[in-house]
Amino acid sequence: MKATNGKTFMEALSALCKRRGFIFQASEIYGGLNGFWDYGPLGIQLKNNIRDDWWRRMVTCTPAGPDGEPVQIVGLDSAIIQNPKTWQASGHVAGFNDPMVDCRACKARFRADQIDQYECPRKPSKKAGEHTECDLTEPRSFNLMFETYVGAIKNDESRAYLRPETAQGIFLNFRNVVDTMRVKVPFGIAQVGKAFRNEVTPRNYIFRSREFEQMEMEWFCHPDEADQWFRFGKEQRMAWWRGLGVREASLRFRDHEQDELAHYSNACVDVEYLYPFTAPDFGELEGIAHRGCFDLTQHQEHSGTKMEYFDQEKNLRFLPNVIEPASGLTRAVLVVLCEAYRVEWVPTSDDGGDPVEADPNGKAPEGYEERTVMRFLPKLAPVKAAVFPLLKNKPELVAKAQEIYNSLREHWPVFYDQTGAIGRRYRRQDEIGTPFGITVDFDTLADDTVTLRDRDTMKQQRVKIAELSSIIGNAVRG
RNA sequence: GCGGGUGUAGCUUAGUGGUAAAGCUCCAGCCUUCCAAGCUGGCUAUGCGGGUUCGAUUCCCGCCACCCGCUCCA
């Protein structure tokens with residue numbers, strides 16, 4: 001996929017992200033480290049804004065459920081390193097310590113040293129590998145989890161793992177939350193945090209990295225209601241992605257086939273996005289899984305702690321089923337960046353109309369010039385507004401601009417810039433997606449009005465200083 | 001993990017077995033009454049390590065990173 005000047009879209013986007021302080025290669029001065037990324041001053045602001053929007057939707061301002069009442073979801077922040085038995089119970093350790101052989105044909109996985117004891121899933125009468133369609137890989141070790149050692153002694157007893165997903169921390173605390181929060185099934189527990197996977201092939205910028213951030217919610221419900229909540233979660237999640245300003249045509253659902261379901265899952269649907277590097281195909285963005293009672297059962301068996309829930313009203317004791325929407329926060333950052341990035345041609349004359357999307361293969365026509373702009377929704381923009389004195393060598397303009405800047409930054413991340421020509425300052429803000437430019441000129445000193453410049457249309461209007469807060473506030477609330 | 005390609009400043013590109021050049025960006029100053037203007041000055045680069053050589057950014061080897069295919073992807 002081409003962008004401009006022969007560069008691919010992703011090259012142009014990652015160059016902007018570096019140039020403007022969104023995303024840097026981790027330990028860049030040492031040559032980097034494959035699969036790790038640092039988020040710069042604007043990147044962390046953007047990431048936090050997405051995270052906060054998810055948290056608001058998931059925890060503090062949940063949607064109404066089928067009965068019209070808001071669904072109940074509480075937050076959690078569990079440890080990255082848990083008792084290693086956690087990962088034995090969850091199934092993450094199994095198969096990691098021994099070389100494994102996969103069958104490409106039937107997706108089955110066998111221990112290499114015991115392969116003659118397995119039956120081929122397709123042909124119960126035959127051993128693995130004996131069927132004509134069997135397509136076995138070489139034995140390989142899968143060490144998807146990062147290992148570390150707890151305490152001073154490094155041995156098998158002290159070995160622990162960096163969590164490969166945040167979900168298990170939620171299951172471990174199911175009883176704690178039920179016992180302390182007066183929640184009733186159905187309810188959910190949401191968590192945002194780092195997860196680590198020693199991926200074979202990190203690829204495609206921040207799409208698949210070895211350290212990443214997840215936003216997961218485990219919804220606990222009665223088994224009879226699980227299918228209904230699965231459908232509900234599916235709709236809610238798609239609505240959230242659209243609410244980030246992602247174009248409808250760039251999103252779709254994809255149901256998992258029976259043979260690609262993970263070991264814990266009864267059903268799974270992916271929200272997929274049309275990534276520039278997968279186009280014309282879509283790529284995974286979020287998974288919504290029906291996990292049945294797999295996890296609570298496993299932890300109940302391995303820990304000996306009862307995970308059953310007792311419904312007082314119905315006098316029912318049962319092991320809840322779990323619906324899990326699991327998405328990558330860092331992947332959401334990538335999607336928002338891809339959606340926002342535009343190269344446009346803007347008319348050089350005042351009455352030339354609105355900016356138009358640039359032809360990736362062409363030069364700007366006569367009367368137009370090129371600009372790069374990040375069209376973030378105001379609620380996601382790292383910086384909400386920039387304040388400029390029209391001229392920096394006029395102390396009265398500078399003083400007034402700084403006064404406005406200082407009052408606005410009480411409420412939002414706001415930028416102040418007095419360097420260079422005013423047009424140059426607007427364009428700088430376009431590149432980081434600041435929705436509003438506020439310029440203090442000589443009229444300001446007379447009537448307390450400023451020009452408010454819109455990032456997308458590049459149009460300006462005169463507004464009272466006193467109105468700025470409500471204008472920006474309304475836009476940011478969306 | 002396999003194969004191919006690429007590594008010179010923040011970006012885009014020069015160039016050389018012997019002092020690394022330019023434009024844009026960025027910073028400072030001057031100027032400037034609304035969309036990357038002008039003038040002056042400034043910071044900043046041969047991915048890392050070894051070898052050959054009097055001398056390596058240039059030639060050779062290894063590594064690292066990135067890109068493109070495949071592979072993989074709880």
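Up top you'll find the structure we're talking about.
Residues numbered from 1 in each chain as written. Chains lettered and ligands numbered in written order. Predicted model: local features only at pLDDT ≥ 70, side-chain atom pairs only at ≥ 80, totals over all residues. Heavy atoms only, no water.

**Quick look at the overall build of chain A**
Per the secondary structure count, chain A includes 12 helices and 23 strands. A separation of at least 24 residues holds for 63% of the contacts in chain A among residues at least 6 apart in sequence. For chain A, the exposed surface amounts to about 23,700 Å²; the carbon and sulfur share of it is 47%. (Helix = DSSP H or I, 4+ residues; strand = E, 2+ residues; numbered from the N terminus. Contact = heavy atoms within 4.5 Å. Areas by Shrake-Rupley, 256 points an atom, 1.4 Å probe, with all protein chains shown as cover.)

**Here we look at the sheet that holds strand E20 (residues 414-416)**
Strands sit in the order E20-E19-E21-E22-E23 across an open sheet of 5 strands; the sheet is mixed. Taken across any chain shown, the strands that pair with only one partner, and hence form the sheet edges, are E20 and strand E23 (460-464). Taking each pair of neighbouring strands and ignoring which way they run, the sheet shows an average axis angle of 25°. The pairing of strand E19 (residues 385-389) with E20 spans 3 bridges and is classified as parallel. Each residue of the ladder has a partner; that of Val-387, found in E20, is Tyr-416. Set on the sheet, helix H9 (residues 395-408) makes contact with E19, E20, strand E21 (436-440) and strand E22 (449-454); between it and E19 the angle comes to about 165°. (Pairing = 2+ DSSP bridges. Axes fitted to C-alpha atoms, helices over the stretch in contact; angles between N-to-C directions.)

**Concerning the packing of helix H1 (residues 9-19) against helix H8 (residues 329-340)**
Running from N to C, H1 and H8 point in directions that differ by 105°, and their axes come no closer than 11 Å. In this view, H1 runs roughly perpendicular relative to H8, as classed from their interaxial angle. Across from Phe-9, Met-10, Leu-13 and Cys-17 in H1, the residues of H8 making contact are Leu-334, Leu-337 and Cys-338. Of the residues contributing to the contact of H1 with H8, the split by class is 7 nonpolar, no polar and no charged. (Parallel < 35°, antiparallel > 145°, perpendicular 65-115°, else oblique. Nonpolar A, V, L, I, M, F, W, Y, C, P; charged D, E, K, R; others polar.)

**Concerning helix H10 (residues 422-432)**
Among the residues making up H10, those that are buried are Arg-425, Tyr-426, Gln-429, Asp-430, Glu-431 and Ile-432. Just downstream of H10, Gly-433 is the residue with a positive phi angle, here 80°. (Buried < 20%, exposed > 50% of the residue type's maximum accessible area, 1.4 Å probe, protein only.)

**Notes on the protein's contact with RNA strand B**
Residues in close proximity to RNA strand B total 42 residues, the closest being Arg-208, Arg-424, Tyr-426, Met-458 and Gln-460. Within 4 Å of the protein, the atoms of RNA strand B are drawn from sugar and phosphate moieties in a proportion of 48%. One of the side-chain nitrogen or oxygen atoms of Thr-201 is found 3.4 Å away from a base oxygen of RNA strand B. In the model, a base nitrogen of RNA strand B is placed 3.0 Å from a nitrogen or oxygen of the Arg-453 side chain. The set of elements that each furnish at least two residues to the surface near RNA strand B consists of H10 and E22. (Near = heavy atom within 4 Å. Polar contact = N/O pair within 3.5 Å; in protein donor to acceptor, adjacent residues only side chain to side chain.)

**Comments concerning the nonpolar core**
One finds Leu-13, Phe-22, Leu-46, Ile-50, Leu-337 and Phe-376 to be the most contacted residues of the largest nonpolar core, which totals 61 residues. Grouped together as the second largest cluster of nonpolar side chains are 20 residues, Ala-401, Leu-408, Val-414 and Val-440 included. (Core = buried A, V, L, I, M, F, W, Y, C linked by side-chain atoms within 4.5 Å.)

**Some thoughts on the side chain of Gln-191**
Its location among the elements puts Gln-191 in strand E8 (residues 187-196). Judged by its relative accessible area of 0%, Gln-191 falls in the buried class. At 3.0 Å, the side chain of Gln-191 and the backbone oxygen of Thr-166 are in polar contact. With residues near it in sequence (within four places) discarded, Gln-191 still touches Trp-54, Trp-55, Leu-76, Asp-77, Ser-78, Arg-163, Thr-166, Ile-170, Gln-214, Met-215 and Glu-216.

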